[in-house]
Structures are given as C-alpha cells and as structure tokens.
Amino acid sequence: MSHRIGLSGSVIMTDPEKLPVLFDKAHVNHIEIGEFPTKASFNRFLELLNDKNVTFGLHSPLYRNQSKYDLLEKVQYNPEQAWEQFESEVKHMSQLSAEYILVHFPYFKEEKDIDTVEIIENGLKRLYLLQKRYAITIVCEPKLGFNRSSFGIRALDHFPVELWDKYGIKICIDIGDYLLAVNDKAAAYIEKWQKYIMVVHLHNVAFHDDKYIWVPVHPTQELNNGYFNLKDIIYKLSAGSGKFFVFEHTPHTNPTEKFVNEGMNWVKELIKD
C-alpha cells in the first residue's frame, strides 16, 4: 500500500466552524483528529467524512478536557480513569471503522529513578488486549514531558525491541518532538523503531523566546538556520509502505495556503514509493 498524506485537526484547532477546511486539499486522503468541543461537532465531522473519499484516525482524546497523558501516571486524571476513557474510545472507533486510534504513550512528566521497561511493558499488555478485543489498530506516540523533558522518548529508546514486538502495537513518530528531545540523534532513535512506525507527524518548529510553535514543513527551511532540517528524516521515514504522513502544524503563524501546499508537494515527492 502506498503512503498516504494526512491532515491533522490541529491545523484548525478542531474548530467546528472550520471543519470543511480539512476536506478541501487535493493531496489529502486521510484526516487525524481529536479533542472535539462537543458531540455535535464530532457528528458534523462524521457527516463531512461520509461525503468524501478519505479515511480518518482518532488522536485521543475524542473530546476536549479529557485525559490526554495519564495512562502511566497522573497528569490530570488518575490512570484507571484514563484507561476507562481510552477503552470507550477504542470501542467507539472500532464501530466507526477508523484506521487507527492514536494515544500518547509512553508519557512521563519528568525524569525519575524508576524501571521504565516494566512500566511500559505493563501498559503495552493492556494496549494489546484492547487492540485484540476491539480489532482496531492502536498507535503509540511518545511525547515530550514537562519543560520539554525527553525522559519518555529516551525511555522508549531504552525499551527492548524484541519485547515491543510481542505486542503488535504500532508507533507514531512526531518529528518535532524527537528533534527537540535528542536533536542530531533523532535519526538514530527513529531507526530503531522503523519496523513499527505507522504514522508520522509532520511539522517544523519556530522558537519564540522560551516557547515554540508547530509550523508547516517547507523546503526553504532546509537552508534556514532558524529551523530543523527535515529532509533526511522524512526520506528515512518513507522506507517501507502504507504509512500515514500527517501534517500537524497549528494556525498560530497564519501560514498561507500556498506555503502549506508547497510543503505538501515537497513531502509527496520525498516519500514516493
């Protein structure tokens, strides 16, 4: 299966008024979305989806202000609450024939002296059981913690591949998070998980004082010291087939449609099978 170009609900911040925008790009045949403000807005999205020839994946949580990071430790919710919520979403998405459900895992708030291998494997066992019970692909996205903590991404890197292999769970690589976490080691960290990568989150990073913003990828950034160079990593991630390359920038810098489309064309050429 060829790679697919996807668009994230992040480009409109899942604004119900702007949902049609997700469906009007010629290159896009997949949408990844979550954090709907209401059930009505999610139903509106499904109506639009049924009118178009595109697939979708859920980026958990389904609704705003629900658990987003709590499967392994409390961030906003107790882990058991988070697991209950996630199971209900897995069941719901399987009924809607979503391509996958994506969850932040492993996520750790900060550096700590714990056995992350055992903790991650216990979580994997539960994800495996949910994937089997509801017959839908679960995709794990390792994330930065508080204050850009790279502990979760490094914990995954320390996790044995042969253990991960037992559970049949796919991985999402967020290019921006990996580059912020380990910079020039990102390609090596990614290489280890190549066999399991199903989703790629595409964006570059613009820094504003101590904050950063996800911006659209664009070929001109390769010549600009103010941005990360993404070409080699995107090309490396294009190995294999059937991956979802999801554009996940946010609207904060007001990128023009022309700029976004040029980036999409560039990526489309880079990932040609």
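What counts and how
- Residues numbered from 1 in each chain as written.
- Predicted model: local features only at pLDDT ≥ 70, side-chain atom pairs only at ≥ 80, totals over all residues.
- Heavy atoms only, no water.
- Helix = DSSP H or I, 4+ residues; strand = E, 2+ residues; numbered from the N terminus.
- Rg over C-alpha atoms; globule rule 2.2 N^0.38 Å.
- Buried < 20%, exposed > 50% of the residue type's maximum accessible area, 1.4 Å probe, protein only.
- Contact = heavy atoms within 4.5 Å.
- Areas by Shrake-Rupley, 256 points an atom, 1.4 Å probe, with all protein chains shown as cover.
- Lys, Arg positive; Asp, Glu negative; His and termini not counted.
- Charge placed at Lys NZ, Arg CZ, Asp CG, Glu CD.
- Pairing = 2+ DSSP bridges.
- Axes fitted to C-alpha atoms, helices over the stretch in contact; angles between N-to-C directions.
- Salt bridge = Lys/Arg side-chain N within 4 Å of Asp/Glu carboxyl O.
- Right-handed = clockwise from strand over helix to strand, strands pointing away.
- Expected span 1.5 Å × (residues − 1).
- Arc of directions from axis to C-beta.
- Phe/Tyr/Trp six-rings, centres within 6.5 Å; stacked < 30°, edge-to-face > 60°.
- Core = buried A, V, L, I, M, F, W, Y, C linked by side-chain atoms within 4.5 Å.

Student: In this structure, what is going on with the overall build of the protein? I would like to understand it.
Tutor: A tally of helices and strands in the protein yields nine helices and 10 strands. By the compact-globule yardstick of 19 Å for 273 residues, the protein fits well, its C-alpha radius of gyration being 18 Å. Each of the 273 residues in the protein was classed as buried or not, and the buried ones make up 55%. Look at the contacts in the protein between residues 6 or more apart in sequence, and 75% of them connect residues 24 or more apart. About 12,700 Å² of surface is accessible on the protein, with carbon and sulfur atoms providing 47% of the total. Across the protein, the mean location of the 31 positive side-chain charges is 3 Å away from that of the 37 negative side-chain charges.

Student: What exactly am I supposed to notice about the sheet that holds strand S5 (residues 138–141) here?
Tutor: Read around the closed barrel, eight strands run S1-S2-S3-S4-S5-S6-S7-S10, paired in parallel fashion. Pairs of neighbouring strands in the sheet enclose a mean axial angle of 25 degrees, with direction left out of account. Bridging between strand S7 (residues 197–202) and strand S10 (residues 244–247) involves four bridges; their strand directions are parallel. Looking at the pairing, Val200 lines up with Phe245 of S10.

Student: I would appreciate a short explanation of the pairing of S10 in the present structure.
Tutor: The side chains of a regular strand alternate between the sheet's two faces. Judged by which residues are buried, S10 turns out to be covered on both faces: Phe244 and Val246 on one side and Phe245 and Phe247 on the other are all buried. The pairing of strand S1 (residues 4–8) with S10 spans four bridges and is parallel. Bridge pairing links Arg4 to Phe244 in S10.

Student: What should I look at first to understand the pattern of salt bridges in this one?
Tutor: Think of it this way: side chains of opposite charge can pair up when their charged atoms draw near. Inspection of every chain in the model, using the stated rule, returns 16 salt bridges. A salt bridge links Arg133 to Glu87; the shortest N-O distance between them is 2.8 Å. Taken together, the residues span a long stretch of sequence, with Arg133 in helix H3 (residues 116–134) and Glu87 in helix H2 (residues 79–95) at a distance of 46 residues. Classification of Arg133 by relative accessible area gives exposed; the value is 52%. Lys166 is paired through a salt bridge with Glu121; the nearest N and O atoms lie 3.8 Å apart. Pair noted here: Lys166 is in the loop between helix H5 (161–165) and strand S6 (170–174) and Glu121 is in helix H3, with a separation of 45 residues, a long-range link. Under the relative-accessibility criterion, Glu121 is labelled buried at 15%. One salt-bridge network, held together by shared partners, links Glu141, Lys143, Asp174 and Asp177.

Student: Which parts of the structure should I look at to understand the pairing of strand S2 (residues 30–33)?
Tutor: Of the two faces of S2, the one carrying His30 and Glu32 and the one carrying Ile31 and Ile33 are both buried. Running through helix H1 (residues 39–50), the crossover from S2 to the neighbouring parallel element strand S3 (residues 55–59) is right-handed.

Student: Mind showing me how you'd approach H1 here?
Tutor: Owing to its 3.6 residues per turn, the α-helix aligns residues three or four sequence positions apart on the same side. Compared with an ideal rise of 1.5 Å per residue, which puts 12 residues at 16 Å, H1 spans 17 Å between its outermost C-alpha atoms and is within 8% of the ideal. Taken together, the buried positions of H1 are Ser41, Phe42, Phe45, Leu46, Leu48 and Leu49. Along the axis of H1, the buried residues cluster in a sector spanning 160 degrees; they form a single face. Opposite the packed face of H1, turned more than 90 degrees from it, sit the exposed residues Lys39, Ala40 and Asn50. Elements that come into contact with the buried residues of H1 comprise S2, S3 and H2.

Student: How should I be thinking about the packing of aromatic side chains in this particular structure?
Tutor: Centre-to-centre distance and the angle between the planes together describe a pair of aromatic rings. Tallying each qualifying case throughout the model produces 14 aromatic pairs. Each ring, one from Phe108 and one from Phe151, has its centre 5.4 Å from the other, and the planes form 75 degrees; the classification is edge-to-face. In this pair, Phe108 sits in the loop between strand S4 (101–104) and H3 while Phe151 sits in helix H4 (residues 151–158), placing the two residues 43 residues apart along the sequence. Side by side, Phe108 and Phe151 carry an identical accessibility label, which is buried. With a centroid separation of 5.3 Å and an interplanar angle of 45 degrees, the aromatic rings of Tyr212 and Trp214 are classed as tilted. Of the aromatic side chains, those joined through ring pairs into one cluster are Phe23, Phe36, Phe42, Phe45 and Phe56.

Student: Where do I start with H4 in this structure?
Tutor: Here H4 lies mainly inside the structure; six of its eight residues are buried. Restricting attention to buried positions, one finds in H4 the residues Phe151, Gly152, Ile153, Ala155, Leu156 and Asp157. Tucked into the core, H4 has its buried residues touching H3, H5, S6, helix H6 (175–182) and helix H7 (186–191).

Student: Any chance you could explain the nonpolar core here in plain terms?
Tutor: Considering soluble globular proteins, one finds that nonpolar side chains tend to be buried as a cluster. If you look at the biggest cluster of nonpolar residues, it comprises 83 residues, and the most contacted ones within it are Phe45, Phe105, Trp164 and Ile234. Grouped together as the second largest cluster of nonpolar side chains are eight residues, Tyr100, Val139, Cys172 and Met198 included.

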